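Analysis of the macromolecular model
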Amino acid sequence: MPKHAVEANFDGLVGPTHNYAGLSWGNVASKSNVNAVSNPKEAALQGLAKMKRLADRGYVQGILPPHERPHIPSLRALGFTGSDKAILEAAVRHNPSILAAVSSASAMWTANAATVSPSADTADHRVHFTPANLSAKFHRSIEHVVTGRVLKSIFSDDAWFAHHPALPSVSHFGDEGAANHTRLCGRHGDPGVELFVYGQVAFNEQAPAPSRFPARQTLEASQAVARLHGLSDRHVVFAQQNSAAIDAGVFHNDVIAVGNANTLFYHEMAFLDEERVLADIRNRLSDTELQAVRVSQAEVPIEDAVASYLFNSQLLNTADGMLLAVPGECREVASVSRYLDELVVGNGPITGVEVFDVKQSMRNGGGPACLRLRVALNDDELNAMHHGVLLNDALYERLTTWVEAHYRDELATEDLADPMLLDEVRKALDELTGILGLGSVYDFQL
C-alpha cells in the first residue's frame, strides 16, 4: 500500500573556494564569467537564505556540506609531492588549470550529487542512492567519493536505504545524477515514473549526438542506474535530449525541463522525440494524468531559457497548486518575465512564482534547481535518517554565523594557491561536520 511521503530537498552549502575558473565547457554562464572575482561569503549566505525561505514555508529542507578544496589527495595522485604548501606551489607553477580544477566548489550543485529512487519504485522497497561519477569534467569527477560518504552518513540505516558506488568513470558511462533524472507520480508516496534523460548512446556511433558541446549523460549510464536501483520497466522512461538544445548550452536536462508530482514543465526543444516521451510517461502513469506544460520557442526562445535558467527552477507543491521558485534573472529577460506573468493567470497546475537571489551561483552556471537534490521519503524513512542536517531556525542561525566567521568576501583564481586558504577551509569543514553531526567524511579527517 502507498505510504505518506514528502519530497525533501537537500541543498548544497556553497563552499569557501567558490570561484569563477570557467571550468565547464558547454555551460555558457560558467565560461562567460571566467576569471571574475567571486564572493564566497555572499554565495553561501544566498544559498542559506533560499533554504530558509523554503523551510519557513514548511518544506523539508536538508543540507549537504561542501567538499574539501583544494583537494590535496587529487594533486598527490597526479604526482605532486611534499608538504601541502609545496604541492600547491608546484601545482600552480606546473599547471594552474589543474589547481583550479581541484579547487572548484562545484559540489554545491547537488542536483549532480546522485540519482535517488524512492522506495515506492524499487524492487526491495528501500531508497536507493548512486553518486554520479561526473566523468565528463575532471573537476567534478573527484566528487563522488566524498558525496558517497556524506549520503551514507545521513542515510545510514540499511533497513531503509541502499547505497551503490558510482559507475565506472569512463565516457561510456558518463552519469550526471539527478540533473538528468525526474520523477513523476500522483503523490510522492505512490509508485511513480522515473524519467532518465541522456545526451548520447555511447556504444552506437551512428546515433544522434550534439556537434558543438559534449553530451555528458549516456543511455548506458542511465540504464545501469535503473538496474542498480531495481526499477522495473513500468517505472522507467528513457528519453534522449535534443542535440540542438545541448549545442545551445543546455548541458543538463534540468536547464530545459523540470518535473514535480504529475506535472512536467519543459521547453519544446527539450526532447529529441517529444511525442513518444510524453506517450511513454502517460502509459506508465496509469493512476494519474500527466500535466504537460509546454513552452514554445515562440514564447521563450531557447537562448532566453538558457540565459535566465527558467527551467532550472524548483517546482513545489502548495495547498492551491504548484509554486515555481525561479532565479532573479528570470525577471531580467523580457520574454521569460512575460511568460511567467501569463503562466500564473492560466488554468494550469503552476499557480505561483517566487523569485530567489542566487546570483553568485548563477554566474558560475547553476540556478535554484542545480543547488538541490530531491529525496522522496515516507514517514518511516524520514524518521530513520540523520536529522542533524535538516534546517530549522537554530541551525540556520548557527550556519550563518559559521559562514560569517570562515568565508572570504573576495576570491580570485590566483588566491587558490594560498596555503592559508587550505588551512581556512579545513578548519571550517572540521567545525561544520561537528555542527551537522556527520562524523569524519573528509580525507583530512580520516
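Details of the structure are given in the entry above.
Quick notes on the rules
Residues numbered from 1 in each chain as written. Predicted model: local features only at pLDDT ≥ 70, side-chain atom pairs only at ≥ 80, totals over all residues. Heavy atoms only, no water. Helix = DSSP H or I, 4+ residues; strand = E, 2+ residues; numbered from the N terminus. Rg over C-alpha atoms; globule rule 2.2 N^0.38 Å. Contact = heavy atoms within 4.5 Å. Areas by Shrake-Rupley, 256 points an atom, 1.4 Å probe, with all protein chains shown as cover. Buried < 20%, exposed > 50% of the residue type's maximum accessible area, 1.4 Å probe, protein only. Salt bridge = Lys/Arg side-chain N within 4 Å of Asp/Glu carboxyl O. Pairing = 2+ DSSP bridges. Right-handed = clockwise from strand over helix to strand, strands pointing away. Axes fitted to C-alpha atoms, helices over the stretch in contact; angles between N-to-C directions. Core = buried A, V, L, I, M, F, W, Y, C linked by side-chain atoms within 4.5 Å. Phe/Tyr/Trp six-rings, centres within 6.5 Å; stacked < 30°, edge-to-face > 60°. Parallel < 35°, antiparallel > 145°, perpendicular 65-115°, else oblique. Nonpolar A, V, L, I, M, F, W, Y, C, P; charged D, E, K, R; others polar.

Details of the overall build of the chain
Scanning the chain for helices and strands turns up 16 helices and 15 strands. Scaling as 2.2 N^0.38, a compact globule of 446 residues should have a C-alpha radius of gyration of about 22 Å, and the chain matches this with 21 Å. Considered along the principal axes of its C-alpha atoms, the chain spans approximately 60 × 45 × 45 Å. Long-range pairs, those at least 24 residues apart, make up 76% of the contacts in the chain between residues at least 6 apart in sequence. Summed over all atoms, the accessible surface of the chain reaches about 16,700 Å², with 49% contributed by carbon and sulfur.

Let's talk about helix H8 (residues 219–228)
In terms of burial, H8 is a largely internal element, 7 of the 10 residues being buried. Along H8, the positions that sit buried rather than exposed are Leu-219, Glu-220, Ala-221, Ser-222, Ala-224, Val-225 and Ala-226. Just downstream of H8, Gly-230 is the residue with a positive phi angle, here 65°.

A look at helix H7 (residues 144–154)
Burial in H7 covers these residues: Val-146, Thr-147, Gly-148, Val-150, Leu-151 and Ile-154. Where the residues of H7 are buried, they touch strand S1 (5–12), strand S2 (61–64), strand S3 (114–117), strand S4 (127–131), strand S5 (161–163) and strand S15 (372–378).

Looking at the pattern of salt bridges
Under the counting rule described, the total for this entry stands at 24 salt bridges. Residues Arg-140 and Glu-143 are paired through a salt bridge, measuring 3.1 Å at the closest nitrogen-oxygen approach. Arg-140 gets classed as buried once you look at its relative accessible area, which sits at 7%. Overlapping salt bridges, with partners in common, bring together Glu-68, Arg-76, Asp-84 and Arg-426 in one network.

Things to note about the pairing of strand S10 (residues 263–267)
Every other side chain in a regular strand lies on the same face of the sheet, so the side chains alternate between the two faces. Along S10, 5 of the 5 residues are buried, which leaves the element largely enclosed by surrounding structure. Relative to S10, strand S9 (residues 257–260) runs antiparallel, the two being bridged by 4 bridges. Pairing of Gly-259 across the sheet is with Leu-264, part of S10. Counted between consecutive antiparallel strands, the loop separating S9 from S10 contains 2 residues, among which Ala-261 sits at a positive phi close to 50°. Pairing between S10 and strand S11 (residues 291–295): 5 bridges, direction parallel. Within S11, the residue paired with Tyr-266 across the bridge is Arg-294. Between the parallel elements S10 and S11, the chain passes through helix H10 (residues 274–284) in a crossover that is right-handed.

A closer look at the sheet that holds strand S12 (residues 314–318)
The 3 strands lie next to each other as S12-S13-S14, forming an open sheet whose pairing is mixed. A single partner strand is all that each edge strand has here, and the edge strands are S12 and strand S14 (350–356). Across the sheet, the mean angle from the axis of one strand to that of its neighbour is 30°, orientation sign disregarded. For strand S13 (residues 321–327) and S14, the ladder comprises 6 bridges, and the chain directions are parallel. Bridge pairing links Ala-325 to Glu-354 in S14. Helix H2 (residues 40–56) contacts S12 and S14 of the sheet and is inclined by roughly 145° relative to S14. Against the sheet, helix H12 (residues 334–344) engages S13 and S14, with an angle of about 140° to S14.

Notes on the environment of Met-322
Note that Met-322 resides in strand S13. Considered as a pair, Met-322 and Leu-377 are 55 residues apart in the sequence and their alpha carbons are 19 Å apart. Contact partners of Met-322, with chain neighbours within four places excluded, come to Asn-260, Ala-261, Asn-262, Thr-263, Leu-315, Leu-316, Asn-317, Pro-349, Ile-350, Thr-351 and Gly-352.

Details of the nonpolar core
Core analysis: the largest hydrophobic core is formed by 95 residues, its most contacted members being Phe-10, Phe-155, Phe-271 and Met-385. Core analysis: the second largest hydrophobic core is formed by 20 residues, Met-322, Val-333, Leu-340 and Leu-343 among them.

Description of the environment of Val-353
Secondary-structure assignment places Val-353 in strand S14. Linking Val-353 and Ser-313, residues 40 residues apart in sequence, is a C-alpha distance of 9.9 Å. Once you skip the residues sitting within four places of it in the chain, Val-353 turns out to touch Leu-323, Leu-324, Val-326, Leu-340 and Val-344.

Some details on the packing of aromatic side chains
Applying the stated rule across the entire model yields 11 aromatic pairs. Seen from their ring centres, Phe-10 and Phe-155 are 5.5 Å apart, and the 70° between their planes marks the pair as edge-to-face. Taken together, the residues span a long stretch of sequence, with Phe-10 in strand S1 and Phe-155 in the loop between H7 and S5 at a distance of 145 residues. There is no split in this pair, since Phe-10 and Phe-155 are both buried. Geometrically, the ring pair formed by Phe-155 and Phe-161 is edge-to-face, given 5.2 Å between the ring centres and 65° between the ring planes. Feature note: the residues Phe-10, Phe-129, Phe-155 and Phe-161 constitute an aromatic cluster, connected by ring pairs.

Quick word on the packing of helix H15 (residues 393–406) against helix H16 (residues 419–436)
Contact geometry of H15 with H16 gives a least axis separation of 11 Å together with a crossing angle of 175°. The pairing of H15 with H16 is recorded here as roughly antiparallel in orientation. Across the interface between the two elements, Leu-395, Arg-398, Leu-399, Trp-402 and His-406 of H15 pack against Lys-427, Ala-428, Leu-429, Glu-431, Leu-432, Ile-435 and Leu-436 of H16. Looking at the contact of H15 with H16, its residues break down into 8 nonpolar, 1 polar and 3 charged.

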